[in-house]
Amino acid sequence: MPQKKLFAALSLLSLLSIPAFAIPVTVNEHVIIAPQCLIKNSHGDYTLLASQPGFALITVNSSGIEQLIEAKHQAEHGNPCGGFVDVTHAWQSTHFTAKNASQFLQNYLQPAKSLMQNKASYSIRYPQQVKQIFDTLNPQAMWNNLTTLTNFNDRYANSDNGVRAANWLQTQVATMAKDFHRDDVTVYTVATGSYYKQPSVVVKFGNSSEPGVVIGGHMDTLSSTFSKKPGADDDGSGTVTVLETARAILSSNMHFKRPIYFIWYAAEEEGLVGSGHVVTDFKKKNIPVHAVMQLDMTGYAYKNQPDIWLIKDYVNKDLTGYLEQLINTYVKQPVKYTQCGYACSDHASWTQGGFVSAMPSESAFENSNHSIHTSQDTMEKLSLTHMTDYVKLAVAFAIELAEPVV
Ligand code: BES
Ligand code: ZN
């Protein structure tokens, strides 16, 4: 039976109008927003801070995180129940207290009011440049990179392997920049709070201070304590899709009006933690962002169908419509729409932060790769052709939105 510690003292305190106090969140504690169904099925301890129909704000320790992940995994085979988001950082940086925890939850669940969503006019203007890059794409390089990534036992955000994977990505890009004599490439990392040791890796290409074009995916997997986690599709596929997009663009002779950011997020599987910190870092540094694309699972083509799917929830509608236009123009595959039904990947961190983001996906959500999060998420289930179509989409996105300059 799960032991549930209710914060009864809180209501008592508010009745007595004793001043609010901050919930002490120690290094080992995480503040989480989770669907009620997930909490109900989780066997871990938690402390309830606030609840709303469907969702609750709770604190758990690290074993509680593992329990939530396990509950989610069980739900995947029965009644699907959405994922959870780790909001420790947001909670701490906004200095909310137990007394106004429900306000925090309400703010978070409100559809993100976008500050920068003044309707951009999207158009197709650089077909010649996009096609020039298409001619240089190297699917074999992508496959080799995926082999390297899946050969780590895991890329768990709190394991040495997770850190090694981040270092490997950093070295790949630094080497490319050097090989292609690019002196306007900056590679840096963003720490994933105090609990996770894997940092996110950010590559900035170009020196202009115009709003940036962001293309990213998460590099982490779950932990390999019980079984290996090759994470070929989730999200090795997105990781190498971003890497090949970066390689192709850096190897060209093009420069752009806007900077392009290539990002590999840490700790997505632990509740969008790395991307949460990256978005906070962009905000802290006042870095403007024009548009964001998330690539999470690009390798599995259900029944070998070539369709490109677009996620409809936690994204910007206009930007998603623009992806459809880019696919019709450049990738020339059927476009279909699907939804996760919850904040299923890092695009949601950007949307939550008020940025314009979109996410293409390998298949309809219900027909996506069912081997993810297991030792069976391996390369032979994936289609290199399908993955290459997502590289084309990302290249077209980068070039049309960053705009080449002569
Ligand atoms: N790659 C998945 C999300 C996904 C699944 C996208 C199927 C498209 C199709 C992602 O890594 C993941 O596992 N997300 C979690 C939620 C996260 C906030 C912990 C999930 O889906 O449960
Ligand atoms: Zn996953």
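Residues numbered from 1 in each chain as written. Chains lettered and ligands numbered in written order. Predicted model: local features only at pLDDT ≥ 70, side-chain atom pairs only at ≥ 80, totals over all residues. Heavy atoms only, no water.

Of regular secondary structure, the chain possesses 13 helices and 16 strands. By the compact-globule yardstick of 22 Å for 406 residues, the chain fits well, its C-alpha radius of gyration being 21 Å. Each principal axis of the C-alpha atoms in the chain carries an extent, and together these give about 70 × 40 × 35 Å. Within the chain, buried positions represent 56% of all 406 residues. Nonlocal contacts in the chain, meaning residues at least 24 apart in sequence, comprise 80% of its contacts between residues at least 6 apart. Of the roughly 17,200 Å² of accessible surface on the chain, a fraction of 52% belongs to carbon and sulfur atoms. A distance of 4 Å separates the average location of the 30 positive side-chain charges in the chain from that of its 35 negative side-chain charges. (Helix = DSSP H or I, 4+ residues; strand = E, 2+ residues; numbered from the N terminus. Rg over C-alpha atoms; globule rule 2.2 N^0.38 Å. Buried < 20%, exposed > 50% of the residue type's maximum accessible area, 1.4 Å probe, protein only. Contact = heavy atoms within 4.5 Å. Areas by Shrake-Rupley, 256 points an atom, 1.4 Å probe, with all protein chains shown as cover. Lys, Arg positive; Asp, Glu negative; His and termini not counted. Charge placed at Lys NZ, Arg CZ, Asp CG, Glu CD.)

Counted according to the given criterion, the structure contains 11 aromatic pairs. Note on tryptophan 91 and phenylalanine 104: the rings are 5.1 Å apart at their centroids and 80 degrees apart in plane angle, and the pair reads as edge-to-face. One end of the pair, tryptophan 91, is in helix α4 (residues 88-94); the other, phenylalanine 104, is in helix α5 (residues 101-109), with 13 residues separating them in the sequence. A relative accessible area of 5% means that phenylalanine 104 is categorised as buried. Seen in terms of ring centroids, tyrosine 195 and tyrosine 196 are 4.7 Å apart; in terms of plane orientation they differ by 85 degrees. Their pairing is edge-to-face. Residue tyrosine 195 is classed as partly exposed on the basis of its relative accessible area of 24%. Aromatic rings pair up to connect Tyr261, Phe282, Trp350 and Phe355 into one cluster. The aromatic ring of phenylalanine 134 is capped on one face by lysine 392, whose charged end is 5.8 Å from the ring centroid. (Phe/Tyr/Trp six-rings, centres within 6.5 Å; stacked < 30°, edge-to-face > 60°. Lys NZ or Arg CZ within 6 Å of the ring centre and 35° of its normal.)

It is worth spelling out the sheet that holds strand β12 (residues 308-311) at this point. The strand order across the open sheet built from three strands is β13-β12-β15, with neighbouring strands paired in mixed fashion. Looking at strand neighbours, the two that pair on one side only are β13 (335-338) and β15 (360-361), the edges of this open sheet. Inspection of the sheet shows β12 paired to β13 by four bridges, in the parallel sense. Directly across from isoleucine 311, in β13, lies its bridge partner threonine 338. Packed on one face of the sheet, helix α13 (residues 384-402) meets β12 and β15 and runs near 55 degrees to β12. (Pairing = 2+ DSSP bridges. Axes fitted to C-alpha atoms, helices over the stretch in contact; angles between N-to-C directions.)

Attention now moves to the packing of helix α8 (residues 160-179) against helix α9 (residues 232-251). Interaxial distance between α8 and α9 falls to 10 Å at its minimum, and their mutual angle equals 15 degrees. Relative to α9, the element α8 lies roughly parallel. Considering how the two elements wind past one another, α8 and α9 form a crossing that is right-handed. The residues of α9 that touch α8, namely those facing Trp168, Leu169, Gln172, Val173 and Met176, are Thr239, Leu243, Arg247 and Leu250. Its residues placed into classes, the contact of α8 with α9 shows six nonpolar, two polar and one charged. (Parallel < 35°, antiparallel > 145°, perpendicular 65-115°, else oblique. Left-handed = near helix turned anticlockwise from the far one by under 90°. Nonpolar A, V, L, I, M, F, W, Y, C, P; charged D, E, K, R; others polar.)

Our next topic: the state of the cysteines. In this structure the tally under the stated criterion is two disulfides. Across the disulfide, cysteine 37 is cross-linked to cysteine 81 (sulfur-sulfur distance 2.0 Å). Residues cysteine 37 and cysteine 81 are joined through a disulfide that is right-handed, its torsion about the S-S bond being 90 degrees. Here the residue cysteine 37 occupies a position in helix α2 (residues 36-41), and cysteine 81 occupies one in the loop between α3 (62-77) and β5 (85-86), the gap between them amounting to 44 residues. Sulfur-sulfur distance for the disulfide between cysteine 340 and cysteine 344 comes to 2.2 Å. (Disulfide = S-S within 2.5 Å.)

Along its sequence, the chain is carved into domain 1 (4-115) and domain 2 (127-405). A straight line from the C-alpha centre of domain 1 to that of domain 2 covers 29 Å. Listed by partner, the interface residues are 22 residues for domain 1 and 19 residues for domain 2. Taken over both partners, the interface formed by domain 1 and domain 2 buries close to 1,600 Å², and the fraction arising from carbon and sulfur atoms is 57%. At the boundary of domain 1 with domain 2, the tally comes to zero salt bridges. (Domains from an automatic or database assignment. Buried area = accessible area lost by both parts, 1.4 Å probe. Salt bridge = Lys/Arg side-chain N within 4 Å of Asp/Glu carboxyl O.)

Grouped together as the largest cluster of nonpolar side chains are 87 residues, with contacts concentrated most on Phe262, Trp264, Leu319 and Phe397. It is α13 that provides the largest number of residues to this core, a total of 12 residues. Filtering out sequence-adjacent residues up to four positions away, phenylalanine 262 remains in contact with Val201, Val202, Val203, Phe205, Ile215, Val242, Thr245, Ala246 and Ile249. (Core = buried A, V, L, I, M, F, W, Y, C linked by side-chain atoms within 4.5 Å.)

Right, let's get into the sheet that holds strand β6 (residues 185-190). Ordered in space as β6-β7-β10-β8-β11-β14, the six strands form an open sheet in which the pairing is mixed. Looking at which strands have only one partner, the edges of the open sheet turn out to be β6 and β14 (357-358). Strands β6, β7 (200-205), β8 (212-218) and β10 (260-265) of the sheet are contacted by α9, whose axis makes an angle of about 155 degrees with β10.

Before going further, it helps to spend a moment on the coordination of the zinc ion (ligand 2). For the zinc ion (ligand 2), the full set of protein donor atoms is Asp234 (OD), Glu269 (OE), Glu269 (OE) and His373 (NE2), and the range of their distances to it is 2.0 to 2.4 Å. Between the six donor atoms coordinating the zinc ion (ligand 2), the angles at the centre fall across 58 to 156 degrees, so the site counts as irregular. Mapping the donors of the zinc ion (ligand 2) onto the primary sequence gives the spacing D-x34-E-x103-H. Remark: histidine 373 occurs in the loop between β15 and α13 and glutamate 269 occurs in the loop between β10 and α10 (273-284); sequence separation between them is 104 residues. With relative accessibility at 5%, the residue glutamate 269 sits in the buried group. (Donors = N, O, S within 2.8 Å, 3.2 Å for Na, K, Ca; no water. Tetrahedral: all angles 85-135°; square planar, octahedral: opposite > 155°, others 65-115°.)

Residues in contact with ligand 1 amount to 17 residues; listed here are only the nearest, Lys72, Glu268, Asp296, Tyr342 and His373. Here an oxygen atom of ligand 1 and a side-chain polar atom of histidine 218 are 3.1 Å apart. Within the side chain of tyrosine 342, one N or O atom sits 2.5 Å away from an oxygen atom of ligand 1. In this structure the site holding ligand 1 corresponds to the second largest pocket. Classifying every residue of the shell around ligand 1 by side-chain character gives seven nonpolar, five polar and five charged. (Near = heavy atom within 4 Å. Polar contact = N/O pair within 3.5 Å; in protein donor to acceptor, adjacent residues only side chain to side chain. 1 Å grid on protein atoms, 1.4 Å probe; cavity = no way out; pocket = protein on both sides within 12 Å on 5 of 7 lines; lining within 4 Å. Sits in = over half its atoms within 2 Å of the grid points.)

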